[in-house]
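# Structural overview
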Amino acid sequence: MTNQNRRLTAAETKGLRTAKELEGHLAWLDTFTPAALGVLAIASGIYTYLGVTSLLEDTGAMSFFAAVAYSVAVSVGIFVFWSYMLRLLPSMRSAGGFIGLTVSTMVGSLAIIAMSSWLNAAALAGSAAVEQHLDLTVRDYQNALEQAHDIALSAQALEREVRRAREAFEALAEQERSGELSGTAGEGAVYRVLRQKTEELQSLEAQIAEQQPLIDAAFEQGNEILGRMRGLTVAPGPVEQRSVAFSEESVRLAGVISNLNQFSVALLVARAAADLPASVVLPELDGRTNSVREAQSTTIGSVLDALDQRSRTLGQAAAQVLEMEPPQETAYNPISSADAVIRYASSFAPSWAGAIAIDLLPGVLVFVLAVTQAAIRSGRDGLSIEETLTLSDLKAAINAMRDVEVSMGDTDAEILRRLRINKPSQDDKTSEAD
């Protein structure tokens, strides 16, 4: 059976009908696809313009034209790129060409994200991202303030240890004056040693007590500054202006935290504990007899042992405070809306999704069109041109043939008319020659 007489199978007929139907749909979709692509490109360019303006510090005419030029370039680039892909990639028949254009589409998509999508995200969520940066900075400052306050209060708790040591030596001094220690009543050598250490500890106790009001005042001031910073985080108005005021408050709060760190008396107590047994000024034994002086010497040795024990106790208590982790140094670093969106991208996933979708949505159309074109080619594969003709195609072909025949008939008639006009002239010339 020749190809002209072969009848189409049911599957071939169905595939051909599907291909024709898909071609009709594509013809209708092509009427508005370029316009839709242009709208997406313009929308992306507008958001890109908003994102660019947030990066430019200067607000003059040059910055305005620079932002406009960049956004226009982005819009044109997106429109041209996706127009190329919509036309070329679905038409590729070879695997190598399809893979090459697919890779090109991916590279172009990454370029679009790099030049446009992150700026679109900055326009959509830039202010919220900067506010989140301010909020996190407030939390860091609050943690630093509370940690510095806790360390200062822990150091103030050493006052109890100092008071216990001072009361112990004070009690021993009273016992010595009554004669219960060395056996000799009065204010002799042992009494003077005990009073010397009592006065040193009393002075240290007074220094620790003086720090408490300063610590309370600094902590209260720090909380007031934190309150103003929290207010700036959620206050209405442009976030850039609020960031300036926020930066000024952060500098004040950093100074308060530094003062709180200096108010800690742990290092002072540690040094005093080390000096407690080492700074004893031994007086001359003033006993009247050798037995009294021997008793005084023995008592002073016991006092020195007690001093050494108290020194170790105070030193250990102060060391525990000094080993506490100091507050992490916190500083507010101003950040642009574009940088904030990138840094806190995980918190603004919907905005990022919208910013990327507006740029890469045509990519979905490209692959939809590629699948459709593949289906059309699959429905036509193996069929000759005659077999793919539909009734409408046949009617169009017949009408075209008629038009050709009419045109040829008109041409032949014109030729005959011209021949008839020219023939008498030639007959006249022949008669004249005769």
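Rules used throughout
- Residues numbered from 1 in each chain as written.
- Predicted model: local features only at pLDDT ≥ 70, side-chain atom pairs only at ≥ 80, totals over all residues.
- Heavy atoms only, no water.
- Helix = DSSP H or I, 4+ residues; strand = E, 2+ residues; numbered from the N terminus.
- Buried < 20%, exposed > 50% of the residue type's maximum accessible area, 1.4 Å probe, protein only.
- Contact = heavy atoms within 4.5 Å.
- Areas by Shrake-Rupley, 256 points an atom, 1.4 Å probe, with all protein chains shown as cover.
- UniProt positions renumbered as here; feature names shortened; annotations may be inferred.
- Phe/Tyr/Trp six-rings, centres within 6.5 Å; stacked < 30°, edge-to-face > 60°.
- Salt bridge = Lys/Arg side-chain N within 4 Å of Asp/Glu carboxyl O.
- Core = buried A, V, L, I, M, F, W, Y, C linked by side-chain atoms within 4.5 Å.
- Domains from an automatic or database assignment.
- Expected span 1.5 Å × (residues − 1).
- Axes fitted to C-alpha atoms, helices over the stretch in contact; angles between N-to-C directions.
- Parallel < 35°, antiparallel > 145°, perpendicular 65-115°, else oblique.
- Nonpolar A, V, L, I, M, F, W, Y, C, P; charged D, E, K, R; others polar.
- Bend = angle between axes of the 7 residues up to and from the residue.

The next subject is the overall build of the protein. If you tally the helices and strands in the protein, you get 13 helices and zero strands. In sequence order, the protein lays out its α and β elements as α-α-α-α-α-α-α-α-α-α-α-α-α. A buried classification covers 33% of the 434 residues belonging to the protein. Summarising the internal contacts of the protein: among those between residues at least 6 apart in sequence, 83% fall at separations of at least 24. Of the roughly 25,300 Å² of accessible surface on the protein, a fraction of 58% belongs to carbon and sulfur atoms.

Cross-referencing UniProt, the feature "transmembrane region" (unreviewed entry) maps to residues 26–50, 62–86, 98–119 and 352–371 in the present numbering. Between the C-alpha atoms that bound residues 62–86 there is a distance of 36 Å. The span itself is 100% helix and 0% strand. A distance of 31 Å separates the end C-alpha atoms of residues 98–119, which is 100% helix and 0% strand.

With the rule as written, the count across this model stands at five aromatic pairs. Ring centres 5.1 Å apart and planes at 75° place the aromatic pair Trp28 and Phe32 in the edge-to-face group. For Phe32, a relative accessible area of 36% corresponds to the partly exposed category. Taking 5.4 Å as the distance between ring centres and 65° as the angle between the ring planes, the aromatic pair formed by Phe64 and Phe65 counts as edge-to-face. Look at Phe64 and you get partly exposed, because its relative accessible area is 42%. Every member of this aromatic cluster is reached through a ring pair, and the members are Tyr49, Phe64 and Phe65.

Below, the discussion takes up the side chain of Glu159. Checked against the element boundaries, Glu159 lands in helix 5 (residues 158–178). Overall, Glu159 belongs to the buried group, its relative accessible area being 17%. Non-local contacts of Glu159, meaning those with residues more than four positions away in its chain, are made with Glu205, Ile208 and Ala209.

Okay, the pattern of salt bridges next. Scanning the model with the defined rule gives six salt bridges in all. The residue Arg139 makes a salt bridge to Asp135 at a minimum N-O spacing of 3.0 Å. On the criterion of helical spacing, the pair formed by Arg139 and Asp135 is a turn pair, its members being four residues apart in helix 4 (residues 95–156). One continuous salt-bridge network, built from bridges that share partners, spans Glu159, Arg163 and Glu205.

With that settled, consider the nonpolar core. Counting 34 residues, the largest nonpolar core has Met229 and Leu253 as its most contacted members. Those elements giving two or more residues to this core turn out to be helix 4, helix 6 (189–234), helix 7 (239–262), helix 10 (337–343) and helix 11 (349–380). In this structure, this core is formed jointly by two domains, domain 1 (10–125 + 348–392) and domain 2 (128–337), each of which donates at least three residues. Formed by 17 residues, the second largest nonpolar core is a distinct cluster that contains Leu158, Val162, Ala165 and Ala317.

Here the focus is helix 2 (residues 33–55). The end-to-end C-alpha separation of helix 2 is 33 Å, in line with the 33 Å expected for 23 residues at 1.5 Å each. Inspection of helix 2 places Leu37, Gly38, Ala41, Ser44, Gly45, Thr48, Gly51 and Val52 among the buried residues, and these make up the whole buried set.

As a further point, take the packing of helix 2 against helix 4. For the pair helix 2 and helix 4, interaxial distance at closest approach is 7 Å and the crossing angle is 75°. In this view, helix 2 runs roughly perpendicular relative to helix 4, as classed from their interaxial angle. Facing Ser44, Tyr47, Thr48, Leu50, Gly51, Val52 and Leu55 of helix 2, the residues of helix 4 in contact are Met115, Ser116, Trp118, Leu119, Asn120, Ala123 and Leu124. In terms of residue class, the contact of helix 2 with helix 4 is built from nine nonpolar, five polar and no charged.

Under the 1.5 Å per step criterion, the end-to-end length of helix 4 is only 78 Å for 62 residues, more than 12% shorter than the ideal 92 Å. Maximal helix bending in helix 4 amounts to about 70°, located at Ala125.

With that settled, consider the environment of Val80. Structurally, the position occupied by Val80 is in helix 3 (residues 61–88). Given the relative accessible area of 37%, Val80 is considered partly exposed. Sequence-wise, Val80 and Ala41 are 39 residues apart; in three dimensions their C-alpha atoms are separated by 9.4 Å.

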